[in-house]
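Residue-level structural notes
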Amino acid sequence: MSEQPIIVSASPHVHSDRTSKKLMYDVIIALIPAFLVSVYVFGVSALIVTSVAIISCLLFEYGIQKYLFKTAVTITDGSALLTGILLAFNLPSNLPIWMVIVGSLVAIGIAKLSFGGLGFNIFNPALVGRVFLLVSFPVQMTMWPTAIVNNTNIVDAVTGATSLGVIKEGLLFGKTMTEIGAQLPNTTNMLLGFTGGSIGEISALALLLGGLYLLYKKVISWHIPVTVLATMAVMTGIFWFIDPEHYASPVIHILSGGAILGAFYMATDLVTSPMTKKGMVIFAIGIGAITVIIRLFGAYPEGISFAILIMNAFVPLINTYFKPKRFGAKIKAKIV
Amino acid sequence: MSESVLYSIFLLASLGIIAAVVLYLVSKKFYVYEDPLIGEVDAILPAANCGGCGSPGCKAFAEKLVKTEDISDLFCPVGGNAVMKMVAEVLGKQVAEKEPTLAVIRCQGACDVRPKTTEYQGPRNCAISAMIYSGETDCQYGCLGDGDCVAVCKFDAMYMDEATGLPVVITDKCTSCGACAEACPRDIIEMRPKHKKDLKIFVGCLNEDKAGIAKKSCDVACIGCSKCEDICPKDAITMLNNLAYIDPITCTLCRKCVEVCPTHSIIETNFPPKKVKKVEAIVEPEKIKTDA
Amino acid sequence: MLKTFPKGGVHPPENKITSSKSIKRMTVPKVVYVPISQHIGIPAEIIVNVKDTVEIGQVIAKSGGFVSSNVHSPVAGTVTKLDLIIDTSGYKKQCIIIRTDPKNEANFQEVDYPLIKDITLEPKAILQKINDYGIVGLGGATFPSHVKLSVKEGTVLDHLIINGVECEPYLTADHRLMLEKAEEIIVGIEILMHALHINKAVIGIENNKKDAIDIFKKLTQNNEKIKVAALQVKYPQGGEKQLVRAILNREVPKNGLPLDVGVIVHNVGTIFAIYQAIQHNIPLTERVVTVTGKKLENPANYWVKIGTPITDLVNEVGGLPEGTRKIVNGGPMMGKAIKNTDVPVTKGTSGILVINEDEASRGEPKNCIRCGECVFVCPMGLEPHLLMNLSEKGMYEKASAEDIMTCIECGSCSYVCPSHRPLLDYIRFGKQIVKKLNTAKN
């Protein structure tokens, strides 16, 4: 007999090796390629903003849990770290540092901990932080450093609008897509990340690489990202087909802005997405549709943050109405 | 200028009138007649909503009191006789008089006398761990120590003693609603009549095992030796399945049983300390327990 | 593509370390502790007294009602005591304690029973014999077999399914039995088909037991009536409803039985016990038990007499290894952890699993991160996270409306939960309360 007493517990007595911590760190691993690209493109400023966001998120979580709520501190579970990274990925690299800290406070303090901590938040914390900053400091939040590319070498980074901003502004002044097209980076640069935008959203290729890793690791299922992108492609495709001079092509829409970052990393956030496959598809269609509507007809050039937050609010409702099919609820085959 | 002021006043006033009319119509339409007596009785009841009477809340109990012809078997344990008397006056019905009761914990198996032989892993909830097995100790009758009774008490009249791992009833706060007794999967908690000055004598054990096994699993277990039964002058003690039970009605609190119990499993509380003289008169003075 | 059930399921590491070890006969224990309640339903009534001499196979406790079963003496010897002994439920239950007579040769004889293929009994007599000989479902549920086989007149019944799935990790008792007693099992199937007037039988075996599939395929080559279905390896395929869905693509209705879709499911172990009872007049007094564990010296499969203390079994394989923290009666997914090894083997014991300290502890439960994994793996299409919350908060009516009672307690949800939440603990608790409320209502 061992010195320690025998353990008695209810079945099952084995457990899969999935833990929530592992899931969080898998997402963080998946975000590394996109982060490297942005450091390459934006330089050290991307590194500074990301580090500040991460550190302030962790510190806020620690401080609030320890001194305000007096509960167990959970900063090691990776969720605050992930929130910090995702928040930073949604910010321009030249944002003043204090704004990053304010964003972190809103993300961790208001969006996450005031709802009851990990698992109880209704909205994606990073996106709440981002949207708070966007509506509070619209000027700073919409001036991105644009990578000026000359024979694939970065010559200089100046501040400017993103591709989506250029299109929106151009269309507002009555230009046609052909005229605007000249100002846009080409598809290769969009894929690789030599374009303007928030820290994490610029390189579609790096994000897709991470997304594939997440799919391979089964951290996320294909339902949300594929449906979001497909909905966006179909909707923008219809408009583009009708009037290519006034609507950008689906390729531009998907590769620019936060579409891929949102579809793979923000909308799939486990806590704030539905719990059934059916529900996920509905949720993702909603995100895709609202994003396209905001992009084409709204005041903001980019709408995926708002779209995800709006659909987050519908998740409890979706969970209530899209239940898994109960076994034996309907007799499938009669006896022959 | 004055036009817009007037316009606002008119608009707000008309909105108010429309809302008032709608509210009036709706309240008329959905008006439910309720016996005014119900409200009256409900006002008398303690409003604890503990469910000790068997009805889900005081309002429901008031309704039951008003609607039932014979209410002699209905009783509000929290309000006790005083409240029931007032109810009887209002309703003009006969009510039964009951002796006030109190929850007592019939287990003394603290951590030091009842060794843990296994480790339970799972939700700390008596009802759930009771489903899986007989508990961390070898006694399958005793307290599981996960505090379902404390969680269910609405009057903060119970707490878990961290040193012993057993629940404790705060006598002054206990309203004898019986919720704890219901919650306990082991039926350790008994509602016993309150004696004067809160004196209590009861067997603090429910172990039905044979002497050797019971004693092995817990030092203070009742081993069914019948010594207390033999000494009781009033025949208040009965033995069943190796376990003594003291009938609270017949018991005269003479404390003779406490003295003879070899395992100290009979609990006496709130008695004044014994005089030295009396101690000497007893054969085995070291076995006297003054548990206060 | 191999057949399987479509919704949910998990695939834990199989760890079938004893699958190549043939079944050995366990040393006859000196004392056996035979519980009188080894089946679901009313406990049997003791009909022997202390100091009585009993023979092997003598009825020592008589069935206490319809849903009950006879209990037979597994050894020849003397009844020494009728006492309360902790059994697999974790509580003390009435047991008959018999001291084995070391002089009685019947205890130590190893008879090689010849294969008898002819079925001479009438269907009614077969069912009666199954009742008399104390046969219960040996898959783990221990439901008295004669109750399962008492089909009401007019019920359409067209398939007998033989459960050789053994989807639990570690366990190999059924696997070995199928390899070693394949012909007997085929006869057993024929007996049941004859008794129930069924013309089709399917043996469902998971694809990780290719040797067993091959044996049965060979034996049923020229048999029109009995077929073998190779199934994809997925837990909990051994559940009746999942098995019927996997093999016949029929969905047993909610709160229904396989009987409602014209199917009866029996475990291979039960089939073999039925064969023994009908053809050789041997009551159910021993069964195959897998004694296994990663750290055990000598894990193996044994023919074990009912009532053998688990201590004896563990000693047979080299004793409890250093650092043992958990002993499970049954498989790791649905088995019950037991307090100590004094617990006797019962008709429902399919395995003893000894778990070492590195794997024994449960993870610390954390907040639900609403990943939905429990919903994806639930084979019954339930929402375990929701049911757990409802049970925890005491909202039993709502839990009942969310079909908590259809839960088969397979444990896939708890297995997969990344936050280590005790989902099944609470669901089981909720089920218990809902059941109580439902009986109170009726």
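Residues numbered from 1 in each chain as written. Chains lettered and ligands numbered in written order. Predicted model: local features only at pLDDT ≥ 70, side-chain atom pairs only at ≥ 80, totals over all residues.

1. A few points about the UniProt feature "binding site: [4Fe-4S] cluster 2" (unreviewed entry) in chain C
Residue and element names in this part refer to chain C. Mapped onto this numbering, the UniProt entry annotates "binding site: [4Fe-4S] cluster 2" (unreviewed entry) at Cys378, Cys407, Cys410 and Cys413. Spanning 36 residues, the named residues form one tight spatial group whose C-alpha atoms are at most 10.8 Å apart. In this structure Cys378 comes out as buried when scored by C-beta crowding, with 28 C-beta atoms within 10 Å. Every residue in contact with Cys378, bar those within four places of it in the chain, is listed here: Gly8, Pro384, Ser412 and Cys413. Residue class for Cys410 comes out buried when judged on the 28 C-beta atoms lying within 10 Å of it. (UniProt positions renumbered as here; feature names shortened; annotations may be inferred. Buried ≥ 20, exposed ≤ 12 C-beta atoms within 10 Å, placed from the backbone. Contact = placed C-beta atoms within 7 Å.)

2. What about unusual backbone geometry?
The phi angle of most residues is negative, glycine excepted, and most peptide bonds adopt the trans form. Cis geometry marks the peptide bond from A:Ser11 to A:Pro12, where omega comes out at 0 degrees. Counting through the fold element by element, A:Pro12 comes out in the loop between strand 1 (6-9) and helix 1 (20-42). Note the cis peptide between C:Tyr235 and C:Pro236, where omega equals -5 degrees. Mapped onto the fold, C:Pro236 is located in the loop between strand 11 (226-231) and helix 6 (240-248). (Helix = DSSP H or I, 4+ residues; strand = E, 2+ residues; numbered from the N terminus.)

3. Some details on the packing of helix 2 (residues 44-68) of chain A against helix 4 (residues 97-112) of chain A
All names here are of chain A. Where helix 2 contacts helix 4, the two axes come as close as 8 Å, and the packing angle between them is 40 degrees. By the criterion of interaxial angle, the relationship of helix 2 to helix 4 is oblique. Along this stretch, helix 2 crosses helix 4, giving a crossing that reads as right-handed. Here Val49, Val52, Ala53, Ser56, Cys57, Phe60, Glu61 and Ile64 of helix 2 lie close against helix 4, whose contacting residues are Ile97, Val100, Ile101, Ser104, Leu105, Ala107, Ile108 and Gly109. A per-class count over the contact of helix 2 with helix 4 returns 12 nonpolar, three polar and one charged. (Axes fitted to C-alpha atoms, helices over the stretch in contact; angles between N-to-C directions. Parallel < 35°, antiparallel > 145°, perpendicular 65-115°, else oblique. Left-handed = near helix turned anticlockwise from the far one by under 90°. Nonpolar A, V, L, I, M, F, W, Y, C, P; charged D, E, K, R; others polar.)

4. Overview of the UniProt feature "modified residue: FMN phosphoryl threonine" (unreviewed entry) in chain A
Residues and elements named next belong to chain A. When the UniProt feature table is mapped onto this chain numbering, "modified residue: FMN phosphoryl threonine" (unreviewed entry) sits at Thr162. Residue position: Thr162 is located in the loop between strand 3 (153-160) and helix 7 (163-172). Residues within four places of Thr162 in sequence aside, it is in contact with Trp144, Gly196, Gly197, Ser256, Gly257 and Pro301.

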